[in-house]
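The residues making up each chain are set out below.
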Amino acid sequence: MESYIGLGSNLGDPETQLTSALAALNGIPDTDLVRCSSFYRSKPLGPGDQPDFINAVVLLDSGLTANALLARLQSIENRQGRVRGGIQWGPRTLDLDMLLYGAEVIDEPGLIVPHPEMRHRNFVLIPLLELAPDIEIPGLGRADKFLADTGRAGITKL
Ligand code: ROI
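Described in the following lines is the structure provided in the data block.

**What about the overall build of the protein?**
A tally of regular secondary structure across the protein gives four helices and ten strands. Listing the helices and strands of the protein from first to last along the sequence gives β-α-β-β-β-α-β-β-β-α-β-β-α-β. Whereas a compact globule of 158 residues would reach a radius of gyration of roughly 15 Å, the protein reaches 15 Å, a difference of no more than 12%. In terms of principal-axis extent, the alpha carbons of the protein reach across some 40 × 35 × 30 Å. With 158 residues in all, the protein has 47% of them scored as buried.

**Overview of the nonpolar core**
Core analysis: the biggest nonpolar cluster contains 25 residues, and Leu 7, Leu 25, Leu 96 and Met 98 have the highest contact counts within it. For this core, the elements supplying multiple residues, two or more each, are strand S1 (2–9), helix H1 (14–26), strand S4 (53–62), helix H2 (66–79), strand S5 (95–101) and strand S7 (111–113). With residues up to four places along the chain from it excluded, the contact list for Leu 25 reads Leu 7, Thr 31, Leu 33, Val 58, Leu 60, Leu 73, Ile 76 and Leu 96. Counting 21 residues, the second largest nonpolar core, distinct from the first, contains Leu 129, Ile 135, Phe 146 and Ile 155.

**Details of the packing of aromatic side chains**
Counted under the stated rule, the structure contains zero aromatic pairs. Directly above the aromatic system of Trp 89 lies the positively charged group of Arg 121, at a separation of 5.8 Å from the ring centroid.

**Quick notes on the layout of surface pockets**
Gaps between atoms show up when a probe of the same size as a water molecule is rolled over them. Reported here for the largest pocket is a volume of approximately 1,000 Å³. In this structure, the largest pocket is lined by 43 residues; those nearest its centre are Arg 82, Arg 92, Asp 95, Asp 97 and His 115. Going through the elements one at a time, S1, S4, H2, S5, S7 and helix H3 (122–131) are the ones with two or more residues in the lining of the largest pocket. In terms of residue count, the dominant contributor to the lining of the largest pocket is S5 (five residues).

**Considering the site of the ligand**
The immediate surroundings of the ligand are formed by 13 residues, with Ser 42, Lys 43, Leu 45, Asn 55 and Phe 123 found nearest. Note that a nitrogen atom of the ligand is positioned 2.8 Å from one of the backbone N or O atoms of Lys 43. In isolation the ligand offers 350 Å² of accessible surface; the protein chains occlude 96% of this area. Assessed atom by atom at 2 Å from the grid points, the ligand resides in the largest pocket. Grouping the constituent residues of the shell around the ligand by class yields five nonpolar, four polar and four charged.

**Examining the pairing of S5**
Counting buried positions over the seven residues of S5 gives six, a clear majority of the element. Here S1 pairs with S5 via six bridges, running antiparallel. Looking at the pairing, Leu 7 lines up with Leu 96 of S5.

**Looking at the packing of H3 against helix H4 (residues 143–150)**
Helix-helix packing is characterised by the crossing angle of the two axes and by the distance between the axes. Closest axis-to-axis distance for the H3/H4 pair is 10 Å, and the angle between their directions is 140°. Here H4 runs oblique to H3, going by the angle between their axes. The handedness of the crossing between H3 and H4 is left-handed. Residue-level contacts link Asn 122, Leu 125, Ile 126, Leu 128 and Leu 129 of H3 to Ala 143, Asp 144, Phe 146, Leu 147 and Thr 150 of H4.

Calculation notes
Residues numbered from 1 in each chain as written. Predicted model: local features only at pLDDT ≥ 70, side-chain atom pairs only at ≥ 80, totals over all residues. Heavy atoms only, no water. Helix = DSSP H or I, 4+ residues; strand = E, 2+ residues; numbered from the N terminus. Rg over C-alpha atoms; globule rule 2.2 N^0.38 Å. Buried < 20%, exposed > 50% of the residue type's maximum accessible area, 1.4 Å probe, protein only. Core = buried A, V, L, I, M, F, W, Y, C linked by side-chain atoms within 4.5 Å. Contact = heavy atoms within 4.5 Å. Phe/Tyr/Trp six-rings, centres within 6.5 Å; stacked < 30°, edge-to-face > 60°. Lys NZ or Arg CZ within 6 Å of the ring centre and 35° of its normal. 1 Å grid on protein atoms, 1.4 Å probe; cavity = no way out; pocket = protein on both sides within 12 Å on 5 of 7 lines; lining within 4 Å. Points joined across faces, edges and corners; volume = space filled by probe spheres on them. Near = heavy atom within 4 Å. Polar contact = N/O pair within 3.5 Å; in protein donor to acceptor, adjacent residues only side chain to side chain. Areas by Shrake-Rupley, 256 points an atom, 1.4 Å probe, with all protein chains shown as cover. Sits in = over half its atoms within 2 Å of the grid points. Nonpolar A, V, L, I, M, F, W, Y, C, P; charged D, E, K, R; others polar. Pairing = 2+ DSSP bridges. Axes fitted to C-alpha atoms, helices over the stretch in contact; angles between N-to-C directions. Parallel < 35°, antiparallel > 145°, perpendicular 65-115°, else oblique. Left-handed = near helix turned anticlockwise from the far one by under 90°.

Given below as structure tokens:
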């Protein structure tokens, strides 16, 4: 299945975090890293007294189920020093969000796809649209129409 994953970091040298994450994603069994967007610097959504984020989106082609892939993403986050249970919307070394899993709509405890916040976040939409300009968010329509609502403020390509 083709799955789009959002990457974000604002602690511990964010560019290095994302580069390490790419290598780890490429090492997931039965999974190919097909393409990666540019890296973007973005203003934090949430408390403003935290560093800017580096964000990117990758396209994976995986034979894993959505739940098996999610478990792999969480183990990569944990290996890269992610501490859970910090302040809400606070800084983090690495966030890997499953944005889309094919055209599937999944609503289970711990896994909601499409990612419920993606439509509101230009730091997700801009790198996603760089990879897939015509992509649809299942159930919601074209992603580019949501970017028209969020606007392009606060984000620059590295
Ligand atoms: N803000 C930005 N700009 N980028 C993120 O990846 C990001 N991730 C988060 C919160 C803390 C909500 N803010 C963010 O989890």
